[in-house]
Amino acid sequence: MRKGVMAGVAALALAAMQPQTTAATTGTIEGRVLDGSTNEPLGGVQVTLTSGTAQGETETESVVTDPKGRYRFEDLTTGDDLFYALDARYKGGLFPGSAITLPEDTEEEPVIDTTLKVWDTIDDPASIVVERNDVFVLESENGKVGVLEAFQITNVSDKAYIGRGGSMETSGNAPVPSLGFSLPSGAEQEQLQIYESSLDIPQLLRTDFGFGITTAIPPGNFTITYTYSLPGTAASYDLSRRVLYPTLNFAVFTSEKFVVTSNRLEPQGSVEIRDRAYEQFSTKDDLDAGASVQITALADAGTPPGLIAGMVGVLVLVALLGAIPFVRRRRPKTETRPSSRAHIMQEIASLDLARERDEIGEPEWQAARQHLKDKLEKGPS
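What counts as what
- Residues numbered from 1 in each chain as written.
- Predicted model: local features only at pLDDT ≥ 70, side-chain atom pairs only at ≥ 80, totals over all residues.
- Heavy atoms only, no water.
- Pairing = 2+ DSSP bridges.
- Helix = DSSP H or I, 4+ residues; strand = E, 2+ residues; numbered from the N terminus.
- Axes fitted to C-alpha atoms, helices over the stretch in contact; angles between N-to-C directions.
- 1 Å grid on protein atoms, 1.4 Å probe; cavity = no way out; pocket = protein on both sides within 12 Å on 5 of 7 lines; lining within 4 Å.
- Points joined across faces, edges and corners; volume = space filled by probe spheres on them.
- pLDDT = per-residue confidence, 0-100.
- Contact = heavy atoms within 4.5 Å.
- Phe/Tyr/Trp six-rings, centres within 6.5 Å; stacked < 30°, edge-to-face > 60°.
- Buried < 20%, exposed > 50% of the residue type's maximum accessible area, 1.4 Å probe, protein only.
- Polar contact = N/O pair within 3.5 Å; in protein donor to acceptor, adjacent residues only side chain to side chain.

## Observations regarding the sheet that holds strand β17 (residues 236–238)
Part 1 of the argument: Strand order in this open sheet of three strands is β17-β24-β20, and the pairing throughout is antiparallel. Each edge of the sheet is formed by a strand with only one pairing partner; in this case those strands are β17 and β20 (258–262). Going from strand to strand, the sheet's axes swing by 20 degrees on average, the running direction of each strand aside.
Part 2 of the argument: Pairing analysis gives three bridges linking β17 to strand β24 (residues 295–299), with the strands arranged antiparallel. Counted as the bridge partner of aspartate 238 is threonine 296 from β24.

Quick look at the structure:
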């Protein structure tokens, strides 16, 4: 018995002498900048690291890549309540990276390896072509409609487009729009939400024609989907706008409760998108940059208040923007804002398009469909 007690005391003493393992409180983000055309490393490129919190507080620090294109940021705080975003500035263009979090549940300091790609730049707007601009009039509520717009955009050049308004070099590194988006004159920009984008978007800028993004547009194809509210007068909603880039296909989709008149759009009849019926109005010919498109959507006088019947279908779940004004493809885990019925409808239309474009698989789509059905039945939180 005495031997057992002594052995236990010895074991406790030995344990007390062992070093205690603790979670890492700091980490490192490192990587390289590559030429997007050649995949060769680039030295002398400015890389900025932005750190952000759920409270909207941000800090930045910058380094310049070494001759092998390498950059490194050390002593960064770990934790899921912080995010880090990398941006490279090269030849007047802003090339943002995705959001990063540093795990705090590791014993060793986490080191995240990253890659940023940059391209030579171009400011000729002829390099941008809008393959599709689809406009969905989603619901009628409190004298407003919710509008969702989905773009498919191609940069046909072999360089990154930085916008006709200048570059960060000529503007003293002040934010300047690269790609612009035209909005109806009555659109409530404070309600603007980017719901899906294949581009990382660090910042939105208001413009006299709508809004712009600051991201340099690399060669290739990209998508962006956003929503906003549009007030009307006597159930009439003016969706008119001026075309900013050559547009091959422009279409408006509504429920049958709307009557659409336009100088450019022609009725195409009823179409089904993921088991939902829409009335389609689209252009017969391509639209040149600068073309004026007059569009009025008039709600049927018999339409009951609230959501327009037939618009409730579920597609894919799209996260709302977090508290920090960054639209990054790999967002940190943050608490999302409560959804209204209008937000749910906007999520529905956006994810309908995502499934239609095969951007999400059938099983995931079905699961999200059921989730949003339940959410609509229970009502918004």
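Still more to cover.
## Some details on empty space enclosed by the protein
It is a probe the size of a water molecule, rolled over the atoms, that shows where empty space is left.
Part 1 of the argument: Under the criterion given, the structure shown has two cavities of 30 Å³ or more.
Part 2 of the argument: Within this model, the largest cavity holds a volume of roughly 150 Å³.
Part 3 of the argument: Together, 16 residues line the largest cavity, and Asn133, Phe151, Val243, Leu244 and Thr247 are the ones closest to its centre.
Part 4 of the argument: Of all the secondary structure elements, the ones that give two or more residues to the lining of the largest cavity are β9 (128–141), β10 (144–155), β12 (179–182) and β18 (241–242).

## Considerations on the confidence of the model for the chain
Regions with low pLDDT should not have their predicted coordinates read in detail.
Part 1 of the argument: When pLDDT is averaged across the chain, the result is 79; 71% of the residues are at 70 or more.
Part 2 of the argument: When the criterion is pLDDT under 50, residues 303–327 qualifies, and its contacts beyond four places in sequence or with other chains add up to 89 contacts.
Part 3 of the argument: Confidence over residues 330–339 falls short of pLDDT 50; this stretch has 26 contacts with residues more than four positions distant or in other chains.

## Focus: the packing of aromatic side chains
Part 1 of the argument: Counted under the stated rule, the structure contains 12 aromatic pairs.
Part 2 of the argument: Ring plane angle 15 degrees and centroid distance 4.7 Å describe the contact between phenylalanine 136 and phenylalanine 253, whose orientation is recorded as stacked. Here phenylalanine 253 lies in strand β19 (residues 250–254) and phenylalanine 136 lies in strand β9, a separation of 117 residues in the sequence. Across the pair, phenylalanine 253 and phenylalanine 136 agree in class, each one buried.
Part 3 of the argument: For the ring pair phenylalanine 151 and phenylalanine 181, a centre distance of 5.1 Å and an interplane angle of 85 degrees mean the geometry is edge-to-face. Separated by 30 residues along the polypeptide, phenylalanine 151 in strand β10 and phenylalanine 181 in strand β12 bring together distant segments of the chain.
Part 4 of the argument: Its relative accessible area of 8% is what places phenylalanine 151 among the buried residues.
Part 5 of the argument: Residue classification places phenylalanine 181 among the buried residues on the basis of a relative accessible area of 2%.
Part 6 of the argument: Here the aromatic cluster, defined as three or more aromatic residues joined through ring pairs, consists of Phe151, Phe181, Phe211, Tyr226 and Tyr228.

## Digging into the pairing of strand β15 (residues 210–213)
For a regular strand, side chains alternate in direction, first toward one face of the sheet and then toward the other.
Part 1 of the argument: The pairing of β12 with β15 spans four bridges and is classified as antiparallel. Bridge assignment links serine 182 to a residue of β15, and that residue is glycine 210.
Part 2 of the argument: Pairing geometry for strand β14 (residues 204–206) and β15, over three bridges, is antiparallel. Each bridged residue has a counterpart across the sheet, and for leucine 205 the counterpart in β15 is glycine 212.

## Focus: unusual backbone geometry
Part 1 of the argument: Backbone geometry at asparagine 39 places phi at a positive 65 degrees, although glycine is not the residue there.
Part 2 of the argument: Inspection of the secondary structure assignment puts asparagine 39 in the loop between β1 (26–35) and β2 (46–53).
Part 3 of the argument: Backbone geometry places alanine 234, a non-glycine residue, at a positive phi of 55 degrees.
Part 4 of the argument: You can see alanine 234 is positioned in the loop between β16 (220–231) and β17.

## Here we look at the side chain of threonine 121
Part 1 of the argument: Among the secondary structure elements, threonine 121 is positioned in strand β8 (residues 121–122).
Part 2 of the argument: Engagement of the side chain of threonine 121 in a polar contact is seen with the backbone oxygen of lysine 91, the distance being 2.7 Å.

## Thoughts on the sheet that holds β15
Part 1 of the argument: Taking strand neighbours across the sheet as the criterion, the three strands line up as β12-β15-β14 in an open arrangement whose pairing is antiparallel. What marks the edges here is a single partner per strand, and that holds for β12 and β14. Ignoring which end each strand starts from, the neighbouring axes of this sheet average 30 degrees apart.

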